[in-house]
Amino acid sequence: MWLKISPAFAVLPGQFFMVKCGENLLRRPFSIYSSEDDKYAIVYRVVGQGTAWLSKRKEGEEINILGPLGNSFEIPEGECNMLLIAGGLGIASISFLAEKISTSVHRVKLLYGAHDKDCLLPPSFLPDGLDIEFVTDDGSFGQKSLVTDLAPPYLGWAEQIFACGPLAMLRGLKKVTAASTIPIQVSLEARMGCGLGVCYGCAIKTKDGMKLVCHDGPVFQLENVDLESMAI
Amino acid sequence: MELSVDLAPHNQFHLYLANPVMVASGTFGYGTEYAGLIDVQRLGAIISKGTTLKPREGNPQPRLAETPCGLLNAIGLQNIGVEALIKEKAPIWASWRVPVIVNIAGDTITEYAQLASMLSGVAGIAGLEINISCPNVKAGGAEFGSSPKLAYQVVSAVRKKTKLPLLVKLTPNTSDIAQVAVACEEAGADGISIINTIKGMAIDIKKRRPLLGNITGGLSGPAIKPVALYMVYEVAGRVNIPVVGVGGISSTEDAIEFLMAGATAVQVGTANLSRPQAALEILEGLEEFMMKEGLSDISQIIGAAR
Ligand SMILES: Cc1cc2nc3c(=O)[nH]c(=O)nc-3n(C[C@H](O)[C@H](O)[C@H](O)COP(=O)(O)OP(=O)(O)OC[C@H]3O[C@@H](n4cnc5c(N)ncnc54)[C@H](O)[C@@H]3O)c2cc1C
Ligand SMILES: Cc1cc2nc3c(=O)[nH]c(=O)nc-3n(C[C@H](O)[C@H](O)[C@H](O)COP(=O)(O)O)c2cc1C
Ligand code: FES
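Residues numbered from 1 in each chain as written. Chains lettered and ligands numbered in written order. Predicted model: local features only at pLDDT ≥ 70, side-chain atom pairs only at ≥ 80, totals over all residues. Heavy atoms only, no water.

A separate point is the pairing of strand β2 (residues 16–19) of chain A. Residue and element names in this part refer to chain A. Residue alternation in β2 divides its side chains into two sets, Phe16 and Met18 and Phe17 and Val19, and both sets are buried. As judged from the four bridges shared by β2 and strand β3 (residues 28–31), these two strands associate in the antiparallel manner. Within the sheet, the bridge partner assigned to Met18 lies in β3 and is Pro29. Examined bridge by bridge, β2 and strand β6 (residues 65–69) share three bridges and lie antiparallel to one another. Residue Phe16 lies in a different strand from β6, and its bridge partner there is Leu69. (Buried < 20%, exposed > 50% of the residue type's maximum accessible area, 1.4 Å probe, protein only. Helix = DSSP H or I, 4+ residues; strand = E, 2+ residues; numbered from the N terminus. Pairing = 2+ DSSP bridges.)

Put into structure tokens, the structure is as follows:
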């Protein structure tokens, strides 16, 4: 879904919008998936009332959003081999990140997994010229595998890993990268009340104490996060 | 047009608000978070996040669940602790025109008293709101607020330690909230805030387990408004100190209902989460209403439906 917002403002990969979805009491968080001039895109899957409401909006309708919110992925300055890992709708922020990484300076590989073929964004919705490996849980597109199982062969090559996806994927990633020292930036999800740091609904445990996913994140260093304390 | 109210008419220091629209504890952080987004100085008062003696990590995730017209939360009083509040937040508040009231919670009566003496005389703190009504913590919390005797003990212990204006925030989870309110008044409370959240739960039917990490939570939002309104009406007829209405207020009309039921002021809570400007819009609506109705003083609305 594309949103036209003027005047235009800068957005960074990893940041998100809080979208008012009809009469629902709380706004819903969605990662920014792309931007172009004064247009901004999100991708979403219908999972409940809020997303069902969104799916019924017609072109030209006005909706109420708050943002851009949160911090962003940090792209290393010097030449770097980057491994991007996306699970499910985690592709939104990872695709936006890939869009912003200059492939003339960096080498980029994207591992992208989803439950099945229908849950994958087709290549035409992903940045041009990106080296992508697709997998699905049921083998309906690409290999039948977990996306994290594709990572080990790249651990000798990658100098920076970026990941976004369901909690189970992040836990898997932590396991397969346990012996490696590559810095890993992950974008996290939590139930959010405000998106602005006032309600403490999205707090998680980290090595540096309690942090708010909406305000201190959503991007964290994987090694700092206590994934076991997280649940949605 | 006169909008100002006094929440502590019997206290030598008084607690004058420029208008009766405040923001509720736990839904507005420390006031600083929204300061860049809206003009927080125009609010009647800001109630800070519930504060304890030591910093608290709060409850396990998930902490929030949306329900029809309501929100269940089980934050578990995550906060930075009173020392950090005095050092980091109070100096900011001291430079503000809007009064900031600190919401305090203890595990024991002694802790409440200790908090009160630490916060007394700190520049930037206009008053205290004693939280004896949090449904999400084991020790303390709502236990103190469900019995008139315990409520009396907490409030008088705090009263002995401070001359600051004292509001006491009550839980609806008690058989007779008016009796608890009367006990608080006798113990020296300057005002009563009604209500904190109503205990509730939600179940994830796919996972076959409670949705909240804490199993139970506190219900807020429009779903609880009629309950809160009734309790304000009930208590305002039984005590001679100001009552502050809280619970599901999201529009000007909601706020006016509470004022007409006998509340001297109102607090906007859950509505702040999706609309940071909610309280200010309610204030503007209130001014418009008074203009249209030809009213010159907010006291003409307070208790008008009694
Ligand atoms: C930082 C961030 C970025 C996100 N980006 C995307 C994205 O790009 N595309 C996308 O499809 N989804 C994304 N999500 C998940 C999305 O917010 C939920 O799918 C959505 O809130 C579901 O709303 P609903 O009313 O349809 O579902 P319901 O299940 O009816 O929602 C009930 C409540 O639970 C919350 N909730 C339910 N699932 C989630 C979840 N996975 N994460 C957080 N809160 C949830 C809702 O916000 C709502 O408050 C993101 C979540 C976060 C925290
Ligand atoms: C996320 C959240 C956190 C809260 N934290 C506190 C708190 O720390 N102390 C307190 O006294 N009340 C707390 N409350 C209760 C509110 O201040 C208010 O009494 C209640 O939500 C009812 O008002 P509402 O329906 O307008 O939200 C909290 C409520 C919510 C939703
Ligand atoms: S969502 Fe409210 S603090 Fe993060």
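Residue and element names in this part refer to chain B. Read from one edge to the other, the open sheet built from four strands follows the order β5-β6-β14-β11, with strand pairing classed as antiparallel. Lying at the two open borders of the sheet, with one neighbouring strand each, are β5 (64–67) and β11 (198–201). For this sheet, the mean angle separating the axes of adjacent strands, direction not counted, is 35 degrees. Where strand β6 (residues 70–73) and strand β14 (residues 216–220) come together, three bridges link them in antiparallel fashion. Directly across from Leu71, in β14, lies its bridge partner Ser220. (Axes fitted to C-alpha atoms, helices over the stretch in contact; angles between N-to-C directions.)

Residues and elements named next belong to chain A. By the assigned domains, chain A splits into domain 1 (2–69) and domain 2 (80–229). Using only C-alpha atoms to locate each centre, domain 1 and domain 2 end up separated by 21 Å. Facing the 19 residues of domain 1 at the interface are 18 residues of domain 2. At the surface where domain 1 touches domain 2, the tally comes to zero salt bridges. Our count for the domain 1 to domain 2 interface comes out at two residue pairs in polar contact (both at pLDDT 80 or more). Contributing elements (two or more residues each) for the side of domain 1 that touches domain 2: β2, β3, β4 (34–36) and β6. Here the side of domain 1 that touches domain 2 is composed, by residue class, of 13 nonpolar, four polar and two charged. (Domains from an automatic or database assignment. Contact = heavy atoms within 4.5 Å. Salt bridge = Lys/Arg side-chain N within 4 Å of Asp/Glu carboxyl O. Polar contact = N/O pair within 3.5 Å; in protein donor to acceptor, adjacent residues only side chain to side chain. Nonpolar A, V, L, I, M, F, W, Y, C, P; charged D, E, K, R; others polar.)

On to the packing of helix α7 (residues 252–261) of chain B against helix α9 (residues 278–292) of chain B, then. A pair of packed helices is captured by two measures, namely the crossing angle of their axes and the spacing between those axes. Residues and elements named next belong to chain B. Running from amino to carboxyl end, α7 crosses α9 at an angle of 65 degrees, the nearest separation of the two axes being 8 Å. If you check the angle between α7 and α9, you find them roughly perpendicular. The hand of the α7/α9 crossing is right-handed. Of α9, the residues touching α7 (which contributes Thr252, Ala255, Ile256, Leu259 and Met260) are Glu281, Ile282, Gly285, Leu286 and Phe289. Grouping the constituent residues of the contact of α7 with α9 by class yields seven nonpolar, two polar and one charged. (Parallel < 35°, antiparallel > 145°, perpendicular 65-115°, else oblique. Left-handed = near helix turned anticlockwise from the far one by under 90°.)

A few words on the pattern of salt bridges. Scanning the model with the defined rule gives 15 salt bridges over all chains in all. Here Glu57(B) ties to Lys205(A) by a salt bridge, and the two come within 3.7 Å at their closest N and O atoms. With Glu57(B) in the loop between β4 (45–47) and β5 and Lys205(A) in strand β13 (residues 203–206), the pair connects residues from two separate chains. Under the relative-accessibility criterion, Glu57(B) is labelled partly exposed at 42%. On the accessibility criterion, Lys205(A) (35% relative accessible area) is partly exposed. One salt-bridge network, in which partners are shared between bridges, spans Lys109(A), Asp131(A) and Glu133(A).

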